[in-house]
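Secondary and tertiary structure notes
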Protein chains: 2
Amino acid sequence: MFAQAVTNAALKIDPARLAVTRGLERQASGHLMAITSLQKKNAGETLFAEGDDADSVYEIVQGMVRLYKLMPDGRRLITGFLSAGNLLNLGSDRICIYTAEAITAVTLCRYKRSAFERLIDEVPGLARRLLVMTSHELRAAQDRMLLLGRKSATEKVASFLLLMADRQDSDGDAIEVPMTRSDIADYLGLTIETVSRTLTKLKQDDLIAIPTVTRIEILDRDRLEDLAGGEGDAEI
Amino acid sequence: MFAQAVTNAALKIDPARLAVTRGLERQASGHLMAITSLQKKNAGETLFAEGDDADSVYEIVQGMVRLYKLMPDGRRLITGFLSAGNLLNLGSDRICIYTAEAITAVTLCRYKRSAFERLIDEVPGLARRLLVMTSHELRAAQDRMLLLGRKSATEKVASFLLLMADRQDSDGDAIEVPMTRSDIADYLGLTIETVSRTLTKLKQDDLIAIPTVTRIEILDRDRLEDLAGGEGDAEI
DNA sequence: CGCAAACTTGATGTTGCTCAAGCTAGGTGG
DNA sequence: CCACCTAGCTTGAGCAACATCAAGTTTGCG
């Protein structure tokens, strides 16, 4: 249950495989790699909590992370499930605006914020690259708002399944669902029970199969897309 | 009912008053001003529609704009009410991802996208400036998700009132509400009737006063903040 | 094998939606 | 200047979707 932090050199991370450095000059990548340290977290561990000092920026290299916000009485909304290639904590200004927890075992690149921000000004193309990434997140956030504000329970669950399927560019429409039903509920603005009931109904209608709790197979994508309501969009 | 487009020189917009150029070198501002044209829209006019070619980026100079997404059956979600200092269409990649309509008469700076993107690479500090603006939007979007997914009708309306009050850095907690009840409903993920009923109840409880339909006064900010539930945040 | 956490299923309750009717205010034309 | 007209707002009654409360069931781990 202990997080490891080691120097990057020791682990030989390939800069070409990191999302932040993609498309940058070799020298620019080198600058980034110089300020990175690799870090691992076990499933269930907290990376940082809402309100913490936002002194680091992270990129997920492997695994899945949930981000969430809490209300004083404990109501939770998961703002995103992030996997490899996503940045964490970039938007936070001084303090973290959400909590990040590992859903699976996670490997991270950690950048000290001060060094990272200096690089943004010095490395040509980096700010532009980050701007593109953030714009994509914003686009996804707007789709989420439509889902949370205007979709029915069935539409929400169907949209969620399609989103997950598109993200795992998996051939055969089989989705790995490492998050709990509770996570899904808090991601969709529903209760656990409603998520469970809706999945059962989709199964009964032969739209999906649920061989194990953590695996869902899409049997009839067309009808699922109809149920999902709006745009068949995917992102983040 | 006709939008006007004139050269910028003719109207002598002060670059220091534009949000995009704030903090940039004088020369950089000059580059931006060179590709800008000023444009006006009357209340109710559409700036661009979801699905349109995203060939321009706009900054709002004056007035208020609503952004929304529609579902095929007509359900609408307003993703934001934008006023002076906000950028429009920056995140859109090739096509507009939302519709923008003028709520009041609006003055805009219009940048051709191709020229704007070229400047992002050429003008030092611009990408960084845009990154900060986009990050703020993302932060606001996450607060909205919590509101849409987890707050009750009363909490939503109370949050909305506080948000509007904070945005109009108005002294006396009197809010100008240029948008219709229908706009507010589609912003909060509610129906017109629920918004109206909730406002009436807040009025009966002496938390607010509604001298005219487009004006709401906050009488008891403390209790309203209690009702609003989570964080007393404001942004965008 | 046993235990706890996660999930499913059922019965009941409440919030906010739908449908329907009346009201208000601002703008237009006589 | 006033009366009308319409778009927008308010209010009410009934209802549906989803939440809540409460058992059971499955799963995976020690």
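Quick note: structure is the one above.
This report concerns the structure included in the present document. Here the structure is a predicted model, which is why all the values come from computation and not from measurement.

Let us look at the packing of aromatic side chains. Residue and element names in this part refer to chain A. Within this structure, the stated rule accounts for 12 aromatic pairs over all chains. Site record: aromatic cluster; members linked through ring pairs are F48, Y58 and Y98. The ring centre of Y68 lies 5.3 Å from the NZ or CZ of R76, which sits over that ring.

Okay, the relation of the copies chain B and chain A next. Aligned on chain A, chain B shows an RMSD of 0.0 Å; the corresponding rotation is 180° and the shift along the axis is 0.0 Å. Taken together, the rotation and translation describe the operation of a two-fold axis. Interface overlap between copies is the fraction of interface residues in one copy that are interface residues in the other; for chain B against chain A it reaches 100%, indicating a shared surface.

Taking strand neighbours across the sheet as the criterion, the 4 strands line up as β3-β8-β5-β6 (chain B) in an open arrangement whose pairing is antiparallel. Two strands in the sheet have a free side with no partner beyond their single neighbour: β3 (46-48) and β6 (76-83) of chain B. Ignoring which end each strand starts from, the neighbouring axes of this sheet average 30° apart. Against the sheet, helix α4 (residues 126-150) of chain A touches β5 (64-70) and β6 of chain B, its axis set at about 125° to β6(B).

Glancing now at the interface of chain B and chain A. Listed per partner, the contact involves 44 residues of chain B and 44 residues of chain A. Of the roughly 3900 Å² buried between chain B and chain A, counting both surfaces, carbon and sulfur atoms make up 64%. Per-residue buried area on chain B facing chain A is highest for B:R128, B:M145 and B:R150; these three make up 20% of the total on that side. At the junction of chain B and chain A, the tally comes to 10 salt bridges.

Reading the values: the criteria
- Residues numbered from 1 in each chain as written.
- Chains lettered and ligands numbered in written order.
- Predicted model: local features only at pLDDT ≥ 70, side-chain atom pairs only at ≥ 80, totals over all residues.
- Heavy atoms only, no water.
- Phe/Tyr/Trp six-rings, centres within 6.5 Å; stacked < 30°, edge-to-face > 60°.
- Lys NZ or Arg CZ within 6 Å of the ring centre and 35° of its normal.
- Least-squares fit on C-alpha atoms with pLDDT ≥ 70 in both.
- Contact = heavy atoms within 4.5 Å.
- Pairing = 2+ DSSP bridges.
- Helix = DSSP H or I, 4+ residues; strand = E, 2+ residues; numbered from the N terminus.
- Axes fitted to C-alpha atoms, helices over the stretch in contact; angles between N-to-C directions.
- Buried area = accessible area lost by both parts, 1.4 Å probe.
- Salt bridge = Lys/Arg side-chain N within 4 Å of Asp/Glu carboxyl O.

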